[in-house]
Amino acid sequence: MKIMLPADSKMHSKAFTFGVATASFQIEGAVDYRLPCIWDTFCATPGKIRDNSDGSQACEHVKLWREDVDLIESLGVDAYRLSISWPRVMHKDGSLNPQGVAFYTDLLDELNRRGIKTFVTLYHWDLPQHIEDNGGWLNRETAYLFADYADKITQAFGDRVYSYATFNEPFCSSYLGYEIGVHAPGLATKAFGRQSAHHLLLAHGLAMKVLQKNSPNSQNGIVLNFTPCYSATDSAADVEAASKADQYFNQWYIKPLFDRCYPEIINDFATEDMPVIEQGDFDIIAQPIDFLGINFYTRAVYKADPATGFSQIDMVDKPKTDIGWEIYPQSFTDLLTSLHALYPLPPIYITENGAAMDDKLIEGKVDDQDRLEYYNAHLNAVNNAIEQGVNVVGYFAWSLMDNFEWAEGYLKRFGIVYVDYETQKRTLKASAHAYRDFINARK
Ligand code: GCO
């Protein structure tokens, strides 16, 4: 199978950016020359990671980065999205770690030399542990520490970076990490989830000011993830439930950026769950952004629930990926058109989209037609949104290669490149070949 878009698609133009994405903790390894982070601690806590694994080796990218740049170049992509490990580039005393900085400047220089645009995320979940020990994202001070890290690292990088994102998916850091505890640091209190979200957004706003000052020529923004919410039936109660879930899981992170407030659902909160918001916070949060990064994987369906307001239902018998997420490409189009209708959006990059599949390496080949089908359907879904007027200017496949999939450890493979973790050998899957052929066919 091939990736096929309509002949007149704007995505056939070289003006549209295609890339692949990774994140520091998921691929780097080399824990010896960085500070411990919250994911090291979480991995060391029994029962948190499905295969009891950790990030100590991962894809050994710190060691193998030159080969990995060759690999990226071989795909013909325009851009590479990576994240900076805060604990690798900063010392505990808040000064830069020259060894860590050199790793990234070498990598960025090499990518630039090869004409690959560099999309840098400053925070993809690996908070230094000593900051967590001081309250982490529950402590307002962490937002200022983040802005300071952003200031120092962007000065060190100079003009090497095409695009900066402050955060990747603040939903995951706050909700998964502090509200339900399935991600690091593993805390589980509603008030913690909401307070950490507020501090992450505050940190975003503070860092945006730094980015626009230190790196005014790069495209600066934030990456948010969305799981569009649908109602199980047309009943008023279910429609209301889906709307509440959408406010709670999705709009919570985007509305403050444009509308300087949280969604209405905040009015339903008990007093003890209300985040502390200081005067002027929304003015900091709502900095103009040059782009919005959108990560999309799946949708969720909700029904009314008298106890909790909304509860998700399992879409039994529907097609799903290997991680159990429903495959429903129409919701990608729906998401993009609905956000476009709700907010005055800047240009959009799809910063992540992809699928975990049960890959088999057979005689040196991975014939992942299922993943390829997912990509084909979702690229067409993006194209449909563009045809309806949404300004999407780029798309990144998640992920360049199989890697540490957080609480799932190494059990779930999201790469278009297969990684044998014993030998660290990389093998292009059928989806990588198809992506490369599609990209190279552009004019
Ligand atoms: C995400 C993450 C990735 C995940 C991917 C699949 O931003 O959620 O960026 O780290 O691996 O989403 O779960």
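The rules behind these values
Residues numbered from 1 in each chain as written. Predicted model: local features only at pLDDT ≥ 70, side-chain atom pairs only at ≥ 80, totals over all residues. Heavy atoms only, no water. Pairing = 2+ DSSP bridges. Helix = DSSP H or I, 4+ residues; strand = E, 2+ residues; numbered from the N terminus. Axes fitted to C-alpha atoms, helices over the stretch in contact; angles between N-to-C directions. Contact = heavy atoms within 4.5 Å. Polar contact = N/O pair within 3.5 Å; in protein donor to acceptor, adjacent residues only side chain to side chain. Salt bridge = Lys/Arg side-chain N within 4 Å of Asp/Glu carboxyl O. Buried < 20%, exposed > 50% of the residue type's maximum accessible area, 1.4 Å probe, protein only. Core = buried A, V, L, I, M, F, W, Y, C linked by side-chain atoms within 4.5 Å. UniProt positions renumbered as here; feature names shortened; annotations may be inferred. Near = heavy atom within 4 Å. Areas by Shrake-Rupley, 256 points an atom, 1.4 Å probe, with all protein chains shown as cover. Nonpolar A, V, L, I, M, F, W, Y, C, P; charged D, E, K, R; others polar.

### Notes on the sheet that holds strand E3 (residues 117-123)
Phase 1: Spatial ordering of the closed barrel is given by E1-E2-E3-E4-E5-E7-E10-E11, a layout of eight strands whose pairing is parallel. The mean inter-strand angle of the sheet, taken between neighbouring strand axes irrespective of direction, is 25 degrees.
Phase 2: In terms of strand pairing, strand E5 (residues 219-226) meets strand E7 (residues 291-296) through six bridges, oriented parallel. Bridge pairing in E7 links Phe226 to Phe296.
Phase 3: The sheet contacts of helix H8 (residues 170-179) involve E3, strand E4 (163-168) and E5, and relative to E5 the element is tilted by about 45 degrees.

### Some details on the side chain of Lys429
Phase 1: Mapped onto the elements, Lys429 comes out in the loop between strand E13 (425-428) and helix H14 (430-440).
Phase 2: At 2.8 Å, the side chain of Lys429 and the backbone oxygen of Gly415 are in polar contact.
Phase 3: Non-local contacts of Lys429, meaning those with residues more than four positions away in its chain, are made with Asp359, Val366, Asp368, Arg371, Asp402, Arg413, Gly415, Ile416, Val417 and Tyr418.

### Things to note about the pattern of salt bridges
Phase 1: All chains considered together, the criterion is met by 30 salt bridges.
Phase 2: We note a salt bridge from Glu408 to Arg50, for which the minimum N-O separation is 3.0 Å. Taken together, the residues Glu408 in the loop between strand E11 (392-398) and strand E12 (417-420) and Arg50 in the loop between helix H2 (38-43) and helix H3 (61-74) connect sequence positions 358 residues apart.
Phase 3: One salt bridge connects Arg160 with Asp109, and the closest N-O pair in it is separated by 2.7 Å. On the criterion of sequence distance, the pair formed by Arg160 in the loop between helix H7 (141-157) and E4 and Asp109 in helix H5 (residues 98-113) is long-range, its members being 51 residues apart.
Phase 4: Given a relative accessible area of 24%, Arg160 falls into the partly exposed group.
Phase 5: Look at Asp109 and you get partly exposed, because its relative accessible area is 27%.

### Thoughts on the nonpolar core
Phase 1: Of all hydrophobic cores here, the largest spans 147 residues; its most connected members are Val20, Trp39, Leu122, Trp137, Phe146, Leu336 and Tyr435.
Phase 2: Ranked by residues supplied to this core, first place goes to helix H9 (residues 190-214) with 10 residues.
Phase 3: For Val20, the contacting residues outside a window of four places in its chain are Ile72, Leu75, Val77, Ala79, Tyr80, Arg81, Phe396, Ala397, Leu400, Ile416 and Tyr435.

### Thoughts on the UniProt feature "active site" (unreviewed entry) in the chain
Phase 1: UniProt tags Glu169 and Glu352 as "active site" (unreviewed entry). Of the residues just listed, which span 184 residues, no C-alpha pair is farther apart than 10.5 Å, and they cluster in one region.
Phase 2: One can find Glu169 in the loop between E4 and H8.
Phase 3: With respect to the helices and strands, the residue Glu352 is situated in strand E10 (residues 348-353).

### Thoughts on the UniProt feature "binding site: substrate" (unreviewed entry) in the chain
Phase 1: Taking the UniProt record as the reference, the feature "binding site: substrate" (unreviewed entry) is found at Gln26, His124, Asn168, Tyr297, Trp398, Glu405 and Trp406.
Phase 2: Within the secondary structure, Asn168 sits in strand E4.
Phase 3: Each residue touching Asn168, except ones within four places of it in the same chain, is listed here: Arg81, Thr121, Tyr123, His124, Trp125, Val223, Asn295 and Glu352.
Phase 4: One polar contact links Asn168 to His124, side chain to side chain, over a distance of 3.0 Å.
Phase 5: Residue position: Trp406 is located in the loop between E11 and E12.
Phase 6: If sequence neighbours within four positions are ignored, Trp406 has contacts with Phe25, Gln26, Trp39, Ile49, His124, Trp125 and His183.

### Re H14
Phase 1: Listed in full, the buried residues belonging to H14 are Ala430, Ser431, Ala432, Ala434, Tyr435, Phe438 and Ile439.
Phase 2: Buried-residue contacts for H14 involve strand E1 (17-21), helix H13 (369-387), E11 and E13.

### Focus on the site of the ligand
Phase 1: Around the ligand there are 13 residues in total, and Gln26, His124, Glu169, Glu352 and Glu405 lie nearest to it.
Phase 2: Note that an oxygen atom of the ligand is positioned 3.2 Å from one of the side-chain N or O atoms of Trp398.
Phase 3: Look at the ligand: alone it shows 320 Å² of surface, and the protein chains cover 95% of it.
Phase 4: For the shell around the ligand, the residue count by class is six nonpolar, four polar and three charged.

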